[in-house]
Amino acid sequence: MSHPESLGTGAFPHTTRTGRMEPLRKFARKVTTKSGWFGDYDFKWLFIPTLPFSVFGRKKAARRLPPFFALDDDLPLALALVCGLQHALAMLAGLITPPIIFANYIALAPSYQSYMISASLISCGLLSMVQMSHLRIPFTQLYLGTGIITCVGTSFATLPVAFSIFDSLYENGSCAMTTLADGTVTKAPCPDAYGALLGTGMLCSIFEILLSLVPPKTLKRLFPPQVTATVILLIGCSLIKSSGFPNFAGGSNDCAKLNTSGFFQLCPNIAAPKPLPWGAPQFIGLGFLSFSTIVVVEIFGSPFMRNASLIIGLIVGCIVAGAAGYISSSSIDSSPAITFLWVKTFKLSLYGPGILPMIAVYLVLALEAVGDITASSEASRLEVEGDKFNERVQGGILADGLAGFLAGCGTVIAITRCANRQAGFCCACFLMLFGILGKISGVFLSIPNSVLGGVTTFLFATVITSGVKVLCRLKWDRRDRFILAGSWAFGFGNLLVPTAFTYLFRGVEANSGLSGFLNAVMIVVSTPYLAGGLSAIFLNLILPYEEPDNGEGVRHDNANADVELGHTSMSVDNLCDSVKDEPTDHSEAGPSLTEVRQAE
C-alpha cells in the first residue's frame, strides 16, 4: 500500500528537538492527507455484497484480496475506524448475551438488566486496551497483556455453573420463590445472587492469575485436545439446551414451564405487549427469521456484513417483531441516556459451595485463553512457538485472570484480514461508546426472546463446531477414543439426564461446613462440561501412551478407517479432512468462535 512520503534523512537537522517532534509531524501529515486517511485499501471488496448469479453460477469470479495489515503496520485512519467498528459489531452479540441471560434467570428488574449490558460493554472495551498493551511488570520478567489484537469479551463457560449456583441459592432460601395457589413456583428478583457470583468469581480469579506462572507447554501437556474439545462441545450443547432453544420458543424463564396461571402464564410474561404461550408458532417464526437472516447474509453479504451477521440477524428480527407489535419501548424509555460503571452496584458476597466449581471455570478460561492467543498469533502471522510466544501466553493469561472480575477473553481477526493493534484499540473505543450510551442497552433489552434465541442458537452452535474442529486434530487412536468415550459418558449423560446426581447425598447428615462442600460437589457433577472435562483430565493422566501404529486408528486421506473399541465398531469418516485441508484464506469464511465470543 502507498503511504505519505516519509521524511528524508536530510529534510531536517538531526537534533533532539526534531526527534521529539517527529511523531507529531507524522500524525499531522496523516490526518491532513488523503493517503493518511484512506491509503489504497480496497474498500469496494469490503462493502460490496456477493450477487446471486456469482454464487449459483457455474463460475465464480475471482476477487483480489486486500493487503494484509500486520501487527504494527501504519494503518490509514478511515480503515482503522472501519475495521474497529467491524470487530466491535462481530463481538457485540456475544457480549450482550450473557448479561441478558443472567438477568432473566434471576428475574432482575429492567434497570439492572440495562446496567449489566452497559457495564459489560464498557468493561470489555477498557480491558481490551490492557490486553493489547503487553506491559512489562516492573522488577519481574512477567508481562500483562498479549501485545496483539486480543479483544476481551464475556465467556459462556460461566453460564452453566452460574445457573447451578443460582438454583442452589433459590433452593436454600437465600433467594425468595413465590408459590401460587395452583402450586406454580416462580422466582422472585434476586440481585444478591448475582453479587454472590461476582464475589466468588473475584476470589477464584486468583487461581487463573497463578496459572499464568505455569509454562504454556506444561498446560498443553496437562490439557490436550481431548480435554479442550470435550469442554467446548459440552459448553455449546448445554447453552443450546438451557438458553438458546428455550428462547427460540419464547423464553427461558419460568414461562417455559407452561404455567396455567400467574405472571409467567404466557411468554415472556403477561405484561408483555403480545404475550403468547411458550412454543407458539409466532415465536418460532421470529426465531427462524433471525436465524435464516444469518444464513442469507453468509451467502450474499459483503465481508463487512458477514462479520456482523449476528447483529444483522437481530436487526431484521426486531424490525419484523416491532412491526407486528411484539416490542415495547418501555426499556428504551427507562434507560439513561449516558451511563458508566458503578452507577448500580451489587452486594458482593462469597458463596462457599460455589468456590470449587468457579475454580474449575477459571481453569477452563485459562485453557480458552491459550487457544485464543494461539489462534490470534496464527491469524496475525506471528510465531506460535518460542520465548516471544510464551511471553504472550503468560501475559494473556495474567490479564485474563485480572479481567476475571468482569469478563473473559476472545478474539476477532480472520474476516477483516487486519491484525493491526490500531484497529483493535478502535474496536475497544467503540465498545466503550456503545456501553456509555445507555439507550443502546435499552434497545438490546427490548429484543424479543425468540429473536434473541434464533441468534444465540446459531452462536452457541458455533461453539460446538469449534470443539469438532479441535477433535479433527486428533489421531483417533485407541487412547484418544477411550478418553473421549469415558468423558462423554458423564458429560452427555449429565446433559441428557440432568437429575441423575440430584439425590447423590440424600440422607447424609452434615454440619454447615460439610454441607457446603457436598453442595460444591453437587454443582460440579451436575454441570455437564465440568463433569466431562474433569473425567477427560483424569483419564488423560492415568492412561499410558501407545506406540504409533500405522494400522488401527490412523486416518488416511480419502479413505475411511473402521476401528473397534471393545465390542463396539465405529467408522471414522473424512469429516476432518476438510478441516485439515481447508485453504488458509479466511476471506470467505463465516464468523468463528473467536470472532463472536467470547470463551472459545
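Below or above, wherever it landed, is the structure these notes cover. Predicted model, so just to flag it, every value in this text is computed and none were measured. (Residues numbered from 1 in each chain as written. Predicted model: local features only at pLDDT ≥ 70, side-chain atom pairs only at ≥ 80, totals over all residues. Heavy atoms only, no water.)

1. Observations concerning a nonpolar patch on the surface
Stage number 1. A cluster of nonpolar residues, Phe 27, Val 31, Trp 37, Phe 38 and Leu 81, forms a patch on the protein surface that exposes about 440 Å² of accessible area.
Stage number 2. Going through the elements one at a time, α1 (16-31) and α2 (34-38) are the ones with two or more residues in the nonpolar patch.
Stage number 3. Tracing the sequence through the fold places Leu 81 in helix α5 (residues 77-105).
Stage number 4. On the basis of relative accessible area, Leu 81 is assigned to the partly exposed category, the value being 40%. (Patch = residues over 30% accessible without salt bridge, like charges linked within 9 Å, V, L, I, M, F, W, Y side chains within 5 Å. Areas by Shrake-Rupley, 256 points an atom, 1.4 Å probe, with all protein chains shown as cover. Salt bridge = Lys/Arg side-chain N within 4 Å of Asp/Glu carboxyl O. Helix = DSSP H or I, 4+ residues; strand = E, 2+ residues; numbered from the N terminus. Buried < 20%, exposed > 50% of the residue type's maximum accessible area, 1.4 Å probe, protein only.)

2. A short note on helix α17 (residues 421-436)
Stage number 1. Compared with an ideal rise of 1.5 Å per residue, which puts 16 residues at 22 Å, α17 spans 23 Å between its outermost C-alpha atoms and is within 8% of the ideal.
Stage number 2. Among the residues of α17, Ala 423, Gly 424, Cys 426, Cys 427, Ala 428, Leu 431, Met 432, Phe 434 and Gly 435 are the ones counted as buried.
Stage number 3. Where α17 is buried, its residues touch α5, α6 (110-131) and α18 (438-445). (Expected span 1.5 Å × (residues − 1). Contact = heavy atoms within 4.5 Å.)

3. Comments concerning the state of the cysteines
Stage number 1. Within the structure shown, the criterion is met by 2 disulfides.
Stage number 2. There is a disulfide in this structure between Cys 175 and Cys 190, and the S-S distance comes to 1.9 Å. Judged by the sign of its S-S torsion, about -55 degrees, the bond between Cys 175 and Cys 190 is left-handed. Taken together, the positions of Cys 175 in the loop between α7 (158-171) and β4 (177-179) and Cys 190 in the loop between β5 (185-187) and α8 (191-211) put the pair 15 residues apart, joining distant regions of the chain. The burial state of Cys 175 is the same as that of Cys 190; both residues are buried. (Disulfide = S-S within 2.5 Å.)

4. Concerning the nonpolar core
Stage number 1. Counting 108 residues, the largest nonpolar core has Leu 121, Phe 166, Ile 235, Leu 431 and Tyr 529 as the members making the most contacts within it.
Stage number 2. Among the elements that make up this core, the one with the highest residue count is α5 (16 residues).
Stage number 3. Excluding residues within four positions of it along the chain, Leu 431 makes contact with Ala 88, Met 91, Leu 92, Leu 95, Leu 121, Ile 122, Cys 124 and Gly 125.
Stage number 4. Core analysis: the second largest hydrophobic core is formed by 17 residues, Leu 219, Leu 363, Ala 366 and Leu 539 among them. (Core = buried A, V, L, I, M, F, W, Y, C linked by side-chain atoms within 4.5 Å.)

5. With respect to the packing of aromatic side chains
Working definition: an aromatic ring pair is given by the centre-to-centre distance plus the angle between the planes.
Stage number 1. The full count for this structure, using the stated rule, is 11 aromatic pairs.
Stage number 2. Between the aromatic rings of Tyr 112 and Phe 346, the centroid separation amounts to 5.3 Å while the plane-to-plane angle is 45 degrees, which identifies the pairing as tilted. Placement of Tyr 112 in helix α6 and of Phe 346 in the loop between α14 (330-334) and α15 (355-379) is noted, with a sequence separation of 234 residues between them.
Stage number 3. What makes Tyr 112 partly exposed here is its relative accessible area of 24%.
Stage number 4. Overall, Phe 346 belongs to the buried group, its relative accessible area being 14%.
Stage number 5. Site record: aromatic cluster; members linked through ring pairs are Phe 102, Tyr 105, Tyr 112, Phe 163, Phe 166, Tyr 194 and Phe 346.
Stage number 6. Above the plane of the ring of Tyr 105 lies Lys 187, whose end atom (NZ or CZ) is 3.7 Å from the centre. (Phe/Tyr/Trp six-rings, centres within 6.5 Å; stacked < 30°, edge-to-face > 60°. Lys NZ or Arg CZ within 6 Å of the ring centre and 35° of its normal.)

6. With respect to unusual backbone geometry
Stage number 1. Of note, the amide linkage connecting Cys 267 to Pro 268 takes the cis form, showing an omega dihedral of -5 degrees.
Stage number 2. Looking at where Pro 268 falls in the secondary structure, it is placed in the loop between α10 (225-248) and α11 (281-300).
Stage number 3. Positive phi values are uncommon outside glycine, yet Phe 139 reaches one of about 65 degrees.
Stage number 4. Secondary-structure assignment places Phe 139 in the loop between β1 (135-136) and β2 (143-144).
Stage number 5. Taking relative accessible area as the criterion, Phe 139 reaches 89% and is therefore assigned exposed.

7. A look at the environment of Pro 357
Stage number 1. Here Pro 357 lies in helix α15.
Stage number 2. Along the primary structure Pro 357 and Ile 165 are separated by 192 residues, whereas in three dimensions their C-alpha atoms are 9.1 Å apart.
Stage number 3. Residue contacts for Pro 357: discarding those within four places in its chain leaves Val 161, Ala 520, Ile 523, Val 524 and Leu 530.

8. Side note on the side chain of Thr 456
Stage number 1. Inspection of the secondary structure assignment puts Thr 456 in helix α19 (residues 449-471).
Stage number 2. A residue is classified by how much of its surface remains accessible, and Thr 456, at 2% relative accessible area, is buried.
Stage number 3. Here the side chain of Thr 456 touches Gly 453 through a polar contact of 3.3 Å, landing on its backbone oxygen.
Stage number 4. Not counting residues up to four positions away in its chain, the partners in contact with Thr 456 are Thr 97 and Gly 244. (Polar contact = N/O pair within 3.5 Å; in protein donor to acceptor, adjacent residues only side chain to side chain.)

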